[in-house]
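The residues making up each chain are set out below.
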Amino acid sequence: MEVRPTGDGSLSLRHPVHGEGYHPAAGAVGQAERLYLRGSGAHADARPRIFELGFGLGVNFAVTLRHARRRGAFLDYRAVEAQPVPLEGLEAVLRPLDPELFARIAPHWGGSFAVATREFRLRLEVVRVQDWSLAGERIRYVYFDPFSPRANPEVWTPPVYRKMFDLLEPGGTLVTYSVAGRVRRGLADVGFGVERIPGWGGKRHWLRARRPA
């Protein structure tokens, strides 16, 4: 996999099969901060409970954790990843952002695992989201961050949207980078209230969807 710098100085990779970068050219950290952390509202939560579809290189988690540490907030984070990158790819991107976090994750990388400290709990499952379920728990925020509908169409489907709706507590929020019409309609059809929010770095809009309270 090819390591690439992004516009804000953070690093990313290009997927050799999908032909897409894991992050926008404008900035891996920039998108994580503006869309996922702040766009969802997780930045203002004293104990954010987050689910990420597409853990990827851990940038969204690292950025969210950094902000939680600054506020003294405990971060409870769950994620699924169907195809973990090789460890050297994770190291190239995550280690410069948070060496301590990389050191905690690296021994477990490649399979499902849980890591817990006084600051956070991370539970990562290596599974397709279509085959995954979270019985008995509710999440406050969903970071919906798979590869694009063109590259990964089986994830951008009504059954997955319904699973995200059921996962969220009433009033919970899902955010994603895609504003494609069929994505907006698909989310609305399962019950979400959907709105476009200002984008960044050449992206005019992002998408926010809320489960009604």
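Quantities reported herein were computed from a predicted structural model and do not represent experimental measurements. (Residues numbered from 1 in each chain as written. Predicted model: local features only at pLDDT ≥ 70, side-chain atom pairs only at ≥ 80, totals over all residues. Heavy atoms only, no water.)

**Quick notes on helix H2 (residues 59–71)**
The end-to-end C-alpha distance of H2, which contains 13 residues, comes to 19 Å, matching closely the 18 Å that a straight helix rising 1.5 Å per residue would cover. Among the residues of H2, Val59, Asn60, Phe61, Ala62, Val63, Thr64, Leu65, His67 and Ala68 are the ones counted as buried. Directly beyond the C-terminal end of H2, a positive phi value near 75° is found at glycine 72. (Helix = DSSP H or I, 4+ residues; strand = E, 2+ residues; numbered from the N terminus. Expected span 1.5 Å × (residues − 1). Buried < 20%, exposed > 50% of the residue type's maximum accessible area, 1.4 Å probe, protein only.)

**Here we look at the packing of helix H1 (residues 28–40) against H2**
It is the contact of H1 with H2, at a shortest axis distance of 9 Å, that shows an interaxial angle of 65°. Judged by the angle between their axes, H1 and H2 are roughly perpendicular. Between H1 and H2 lies a crossing of right-handed hand. Contacts from Ala28, Val29, Ala32, Glu33, Tyr36, Leu37 and Arg38 in H1 reach Val59, Asn60, Val63, Thr64, Arg66 and His67 in H2. Residues that form the contact of H1 with H2 fall into these classes: 7 nonpolar, 3 polar and 3 charged. (Axes fitted to C-alpha atoms, helices over the stretch in contact; angles between N-to-C directions. Parallel < 35°, antiparallel > 145°, perpendicular 65-115°, else oblique. Left-handed = near helix turned anticlockwise from the far one by under 90°. Contact = heavy atoms within 4.5 Å. Nonpolar A, V, L, I, M, F, W, Y, C, P; charged D, E, K, R; others polar.)

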